[in-house]
Amino acid sequence: MGADQAARFIAPGSAVGMSGFTGSGYPKAVPMALAARIEAEHAAGRPFRVRVWTGASTGPELDGALARAEGIEFRLPYNSDPLVREQINSGRMEYFDLHLSQVAPMAWQGFLGPLDTAVIEVSGITADGALVPSSSVGNNKTWIDQARQVIVEVNRWQSAALDGMHDIYYGTALPPNRVPIPIVRPGDRIGEPYLRCDPDRVVAVVETDAPDRNLPFRAPDAAARAIAGHLLEFLRHEVKVGRLPPALLPIQSGVGNIPNAVLGGLLDSPFERMNAYTEVIQDGMLDLLAAGRLGVISATGFSLSPEAAASFNANVARYRDHILLRPQEISNHPEVIRRLGCLAMNGLIEADIYGAVNSTHVMGSRIQNGIGGSGDFARNAYISIFITPSTAKDGRISAIVPQASHVDHIPQDVQVIVTEQGLADLRGLSPKQRARLIIDRCAHPDYRPALADYFERARAHAYGQQSPSLLTEALSWHQRYLDTGSMRA
């Protein structure tokens, strides 16, 4: 049936589980039709909003369209749409930000309430009714299993050659029936290539032909190249002293221009036969795969520039033996991350001088995107690395501050911080030792003297000397920015 007709199965106030993870594999037609229906209902004076659950961020046809219609009452677990962000920060939309590995278990535990409808994009349907996932898996398995009814979008833009690239594991369970996840190498297959769905719960099948939408990556600037250089030098040193094998350990990379630049730097590195166990496959990982530097990539979805997506779709067959797409409860599973010993590389908004990291909130209260999977990997990685330019807003904001205005990653989960200024290896250091290293190696020269001055005065006057802090000044840099537009004194 058409998308307009399918959207009529979704009632006001219902919870809708949508496919999609970081701009890939999300439904395009039904959310647009639902948004149009919501706008019509609002114009007639009738309330109509829904609760939206996804894998992570989606695209303009889903989050953007529903937000423009003022149709989202509640959203989880991760978002990057600017209009959704504005509505969250203005208090017009409720937002539940949580670790991506915890979404499916929390849904099964019942804490999120009942799921009324699943809207899932697939690349095909087999003769016996199995669903061939598209360019992401995310929480699709859980949404299909939990939903009272299912709407399927079959997107012919997605390559038919995706068939066989997925590994859908049906062995998870709640306590006390949990068993170990049987992955000991990134390329281990433990499931099946298709999603199961009871045909009796499918109320609509909608055909589409629409691309995933992701923004292109910027060419690496000087700061990104410097960050990549510091990090590669660190990895070479870890191999030299015997703390890492010559092929490294499985790589995890967050999404963004700087992580993509770091992946690009690995092209010219001495590391070969690497593997990746991560959430998202970016342009840089495909480049490493094409160059023979990466053997296997395990993820839950893609985040490709339009050019890379077109190239991938034209050459899926050559990648199928090297890429596994899994449910995000597996791609982000703490047990597997810890067992494999992943090297986690994620971005941040700010870090304080003791190594606490804020990756979600601007000036302590405005959500940016969400924690995503960074917490899953940071706490369980073999080495937990956070990367960022040392300043933002043309130097008016320092990424290194006396105290983080919001903490997503406690110092115990942060082992290495890298900016274009340098790299601070924080392993085995006390808070005061960390502070000296972060200030000296990571802070921008424009802010370094003020940070050093704060630290010395805190050492002289703080209530305690484990992590010296001046309570009346710790967040003064953020207040100064709100008052004057700059953190500079």
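Up top is the structure.
Because the structure is predicted, anything quoted here is derived from the model rather than measured.

Caption draft 1: Representation of the overall build of the protein chain. Within the protein chain, the secondary structure is distributed over 17 helices and 25 strands. Taken over C-alpha atoms, the radius of gyration comes to 23 Å for the protein chain, in line with the 23 Å a tight globule of 489 residues would show. For the C-alpha atoms alone, the extent of the protein chain along its principal axes is close to 70 × 55 × 45 Å. Within the protein chain, the proportion of its 489 residues that are buried is 57%. Residue pairs at least 24 apart in sequence account for 72% of intrachain contacts in the protein chain once pairs closer than 6 positions are excluded. As displayed, the protein chain offers around 19200 Å² of accessible surface, 52% of which is attributable to carbon and sulfur atoms. Between the averaged position of the 45 positive side-chain charges in the protein chain and that of its 51 negative side-chain charges there is a distance of 5 Å.

Caption draft 2: Local environment of the pairing of strand β12 (residues 294–299). When strand β10 (residues 274–277) meets β12, the two strands line up parallel, connected through four bridges. Residue Asn275 lies in a different strand from β12, and its bridge partner there is Val296. Pairing of β12 with strand β14 (residues 323–325), which is carried by three bridges, proceeds in the parallel orientation. Paired with Ala299 across the bridge in β14 is Leu325.

Caption draft 3: Summary view of the packing of aromatic side chains. Overall, the coordinates contain four aromatic pairs when judged by the stated rule. Aromatic side chains Phe302 and Phe312 sit 4.5 Å apart centroid to centroid with 50° between the ring planes, which places their arrangement in the tilted category. Here the residue Phe302 occupies a position in strand β13 (residues 301–303), and Phe312 occupies one in helix α10 (residues 306–314), the gap between them amounting to ten residues. For the pair Phe302 and Phe312, a shared accessibility class is recorded, and that class is buried. On the numbers, 5.7 Å between centres and 40° between planes, the contact of Tyr447 with Trp477 is tilted. Highlighted residues: Tyr447 in the loop between α15 (431–441) and α16 (448–461) and Trp477 in helix α17 (residues 476–484), separated in sequence by 30 residues. Residue classification places Tyr447 among the buried residues on the basis of a relative accessible area of 2%. Joined through ring pairs, the aromatic side chains of Phe302, Phe312 and Tyr319 make up one cluster. Between the NZ or CZ atom of Arg318 and the centre of the ring of Tyr319, over which it lies, the distance is 5.3 Å.

Caption draft 4: Representation of the environment of Val401. Position of Val401 relative to the elements: it lies in strand β23 (residues 400–401). Apart from residues no more than four positions distant in its own chain, Val401 is found in contact with Glu350, Ala351, Asp352, Ile353, Leu451, Trp477, His478 and Met487.

Caption draft 5: Seen up close, the sheet that holds β23. Strand order in the open sheet formed by three strands is β17-β16-β23, with mixed pairing between adjacent strands. Strands at the two margins of the open sheet, each flanked by one partner only, are β17 (357–358) and β23.

Caption draft 6: Quick peek at the side chain of Asn155. Relative to the assigned elements, Asn155 resides in strand β7 (residues 149–155). For Asn155, a relative accessible area of 0% gives the class buried. A distance of 2.7 Å separates the side chain of Asn155 from the backbone oxygen of Ala210, its partner in a polar contact. In contact with Asn155, other than residues within four places in its own chain, are Lys28, Glu121, Val122, Ser123, Thr208, Asp209 and Ala210.

Caption draft 7: The arrangement of the pattern of salt bridges in detail. Within the structure shown, the criterion is met by 20 salt bridges. The closest approach of N and O atoms between Glu61 and Arg213, which form a salt bridge, is 2.5 Å. Placement of Glu61 in helix α3 (residues 60–68) and of Arg213 in the loop between β8 (202–208) and α7 (222–240) is noted, with a sequence separation of 152 residues between them. Overall, Glu61 belongs to the buried group, its relative accessible area being 8%. Using a relative accessible area of 45% as the deciding quantity, one classes Arg213 as partly exposed. Between Arg427 and Glu238 there is a salt bridge, with its nearest N and O atoms 3.1 Å apart. With a gap of 189 residues between them, Arg427 in the loop between β25 (422–425) and α15 and Glu238 in helix α7 connect regions that are remote in the sequence. Connected through salt bridges with shared partners, the residues Glu238, Arg243, Asp425 and Arg427 form a single ionic network.

Caption draft 8: Up close: the pairing of β25. Where strand β24 (residues 416–419) meets β25, four bridges bridge the pair, whose relative direction is antiparallel. When the bridges of β25 are listed, Ile417 appears paired with Ala424. Linking β24 to β25, which pair antiparallel, is a turn of two residues.

Caption draft 9: Expanded view of the packing of α7 against helix α8 (residues 257–265). The N-to-C vectors of α7 and α8 enclose an angle of 55°; their axes lie 9 Å apart at closest approach. In terms of their interaxial angle, α7 and α8 are classed as oblique. The crossing of α7 and α8 is right-handed. Along its contact with α7, which presents Ala224, Ile227, Ala228, Leu231 and Leu232, the element α8 presents Ile258, Ala261, Val262 and Gly265.

Analysis parameters
Residues numbered from 1 in each chain as written. Predicted model: local features only at pLDDT ≥ 70, side-chain atom pairs only at ≥ 80, totals over all residues. Heavy atoms only, no water. Helix = DSSP H or I, 4+ residues; strand = E, 2+ residues; numbered from the N terminus. Rg over C-alpha atoms; globule rule 2.2 N^0.38 Å. Buried < 20%, exposed > 50% of the residue type's maximum accessible area, 1.4 Å probe, protein only. Contact = heavy atoms within 4.5 Å. Areas by Shrake-Rupley, 256 points an atom, 1.4 Å probe, with all protein chains shown as cover. Lys, Arg positive; Asp, Glu negative; His and termini not counted. Charge placed at Lys NZ, Arg CZ, Asp CG, Glu CD. Pairing = 2+ DSSP bridges. Phe/Tyr/Trp six-rings, centres within 6.5 Å; stacked < 30°, edge-to-face > 60°. Lys NZ or Arg CZ within 6 Å of the ring centre and 35° of its normal. Polar contact = N/O pair within 3.5 Å; in protein donor to acceptor, adjacent residues only side chain to side chain. Salt bridge = Lys/Arg side-chain N within 4 Å of Asp/Glu carboxyl O. Axes fitted to C-alpha atoms, helices over the stretch in contact; angles between N-to-C directions. Parallel < 35°, antiparallel > 145°, perpendicular 65-115°, else oblique. Left-handed = near helix turned anticlockwise from the far one by under 90°.

Fair warning: the whole summary comes from geometry, so function is off the table for now.
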